[in-house]
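Listed below are the residues making up each chain.
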Amino acid sequence: MPRALRVPPLRESRQLETVVNGQQFRVVHDVGSGKGTPLLLMNGIGAKLELLQPFVDRLNPQRDVIRFDAPGVGGSPTASHPYRLKGLSRKVAGILDELGFDQADVLGISWGGGLAQQFAYSEAKRTRRLVLVSTATGSIMVPAHPKILAKMITHRRYTDPDYLESVAHELYGGSMRHDPTAAINALRTQSTSHNGSGYVMQLTAGLGWTSIPLLPRIKAPTLVMSGNDDPLIPACNAKIIARLIPNSELNIFNGGHLSLVTEADVHAPEVEEFLDKIDL
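Reading the values: the criteria
Residues numbered from 1 in each chain as written. Predicted model: local features only at pLDDT ≥ 70, side-chain atom pairs only at ≥ 80, totals over all residues. Heavy atoms only, no water. Helix = DSSP H or I, 4+ residues; strand = E, 2+ residues; numbered from the N terminus. Rg over C-alpha atoms; globule rule 2.2 N^0.38 Å. Buried < 20%, exposed > 50% of the residue type's maximum accessible area, 1.4 Å probe, protein only. Contact = heavy atoms within 4.5 Å. Areas by Shrake-Rupley, 256 points an atom, 1.4 Å probe, with all protein chains shown as cover. Lys, Arg positive; Asp, Glu negative; His and termini not counted. Charge placed at Lys NZ, Arg CZ, Asp CG, Glu CD. Salt bridge = Lys/Arg side-chain N within 4 Å of Asp/Glu carboxyl O. Phe/Tyr/Trp six-rings, centres within 6.5 Å; stacked < 30°, edge-to-face > 60°. Lys NZ or Arg CZ within 6 Å of the ring centre and 35° of its normal. Arc of directions from axis to C-beta. Polar contact = N/O pair within 3.5 Å; in protein donor to acceptor, adjacent residues only side chain to side chain. Pairing = 2+ DSSP bridges. Axes fitted to C-alpha atoms, helices over the stretch in contact; angles between N-to-C directions.

Draft legend 1. Just the overall build of the protein, in detail. The secondary structure content of the protein amounts to 11 helices and 8 strands. Relative to the globule expectation of 19 Å for 280 residues, the C-alpha radius of gyration of the protein, 18 Å, shows essentially globular dimensions. In terms of principal-axis extent, the alpha carbons of the protein reach across some 60 × 50 × 35 Å. Taking all 280 residues of the protein together, 55% fall into the buried category. Long-range contacts, defined here as pairs at least 24 residues apart, represent 75% of the contacts in the protein between residues at least 6 apart. Roughly 12700 Å² of accessible area belongs to the protein as shown, and the carbon and sulfur atoms make up 54% of that amount. Taking the average place of the 29 positive charges on the side chains of the protein and the average place of its 27 negative ones, the gap between the two points comes to 6 Å.

Laid out in structure tokens, this is it:
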């Protein structure tokens, strides 16, 4: 008699409206077993928490996952005044408090990778493990080509599908070189924000900020990931980060800026393997 197939339980998602120090956040808690350390996700600029859904779908359903919209993105109202990454990391710690978690594994991608670096330093006791994807050290970094920076300085790619399709190969690289429709699928309307003020505030949050003096003080075991064809944030930035964080490992993969989303079936297992390592 053939063995019955084991079907993993469906993940329950709870959407919350959480207020921390006067700032309201839209938060989604993908409920797992509640036994391990939750994974806290920090998104790229202008991206709603839905952007990482393909990645979340490929994680072990027993793992708790926490996502939130940054101020001025998606369901989180625009901040009443400009903010900095340090202040935002304190508010994110407040989200963990509201959900009843003392500690989290933290994954940040692109702009969210900067926030994740700040969080891992400022909230060191609350960060068990750290994953940094397609990100850099802030104002002091190896920059993209000026023509690439000019195309991403506005959020037009989030509001104009035809424009996005025309520039996707230049901005994101990887599989989008030959399949620009992948960018439209990844950055579809429900995954990105049209709030220009929120986008500008995210840009200004990192002005003058650099993680270079912070990285040698990060104690959490860290996985640094970058595509070898990332026009927005060249992979050499990942090498710099991995060299500066004492307990880190580097994964340069074949792909582009959004491969964590477009090739989630490849990268989710890599992240889980790192998170599930036994601390020696």
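We are not done yet, so read on.
Draft legend 2. Spotlight on the pattern of salt bridges. As enumerated under the stated definition, the model contains 12 salt bridges in all. When the shortest N-O distance is used, the salt bridge between E170 and K151 registers 3.8 Å. In this pair, E170 sits in helix α6 (residues 161-172) while K151 sits in helix α4 (residues 146-152), placing the two residues 19 residues apart along the sequence. Between R177 and D229 there is a salt bridge; the shortest N-O distance is 2.7 Å.

Draft legend 3. Seen up close, the packing of aromatic side chains. The tally for this structure, following the rule as stated, stands at 1 aromatic pair. A ring pair is formed by F25 and F68, whose centres lie 6.2 Å apart and whose planes are at 85 degrees; its orientation type is edge-to-face. On the criterion of sequence distance, the pair formed by F25 in strand β2 (residues 23-31) and F68 in strand β4 (residues 65-68) is long-range, its members being 43 residues apart. Each member of the pair F25 and F68 is classed as buried. The residue whose ring lies beneath R129 is F274, and the NZ or CZ to ring-centre distance is 4.9 Å.

Draft legend 4. Helix α8 (residues 196-205), seen in detail. By the burial criterion, the buried members of α8 are G198, Y199, M201, Q202 and A205. Along the axis of α8, the buried positions cluster into a sector of 160 degrees, meaning they face one direction only. Looking at the buried side of α8, the elements it contacts are α2 (85-99), α3 (111-122), α4 and α5 (156-159). The opening residue of α8, the one whose side-chain oxygen lies 3.0 Å from the backbone nitrogen of S197, is N195.

Draft legend 5. Geometry of the pairing of strand β3 (residues 39-42). Because side chains alternate across β3, one face comprises the buried residues L39 and L41, and the other comprises L40 and M42, equally buried. As judged from the 2 bridges shared by β3 and β4, these two strands associate in the parallel manner. What sits directly across from L40, in β4, is I66.

Draft legend 6. Spatial organisation of the sheet that holds strand β1 (residues 12-20). Spatially, 8 strands are ordered β1-β2-β4-β3-β5-β6-β7-β8 in an open sheet, and the strand pairing comes out mixed. The open sheet is flanked by β1 and β8 (248-253), the only strands paired with a single partner. If you compare each strand with its neighbour and ignore which way they point, the axes differ by 20 degrees on average. Across 5 bridges, the pairing between strand β5 (residues 104-109) and strand β6 (residues 127-133) is parallel. Note on β6: the bridge partner recorded for G108 is L132.

Draft legend 7. Molecular detail of unusual backbone geometry. One non-glycine residue with positive phi stands out, namely N21, at about 50 degrees. As for its position among the elements, N21 is in the loop between β1 and β2. With a phi close to 55 degrees, S110 is a non-glycine residue in the positive phi region. Mapped onto the fold, S110 is located in the loop between β5 and α3. Here S110 falls in the buried class, since its relative accessible area comes to 15%.

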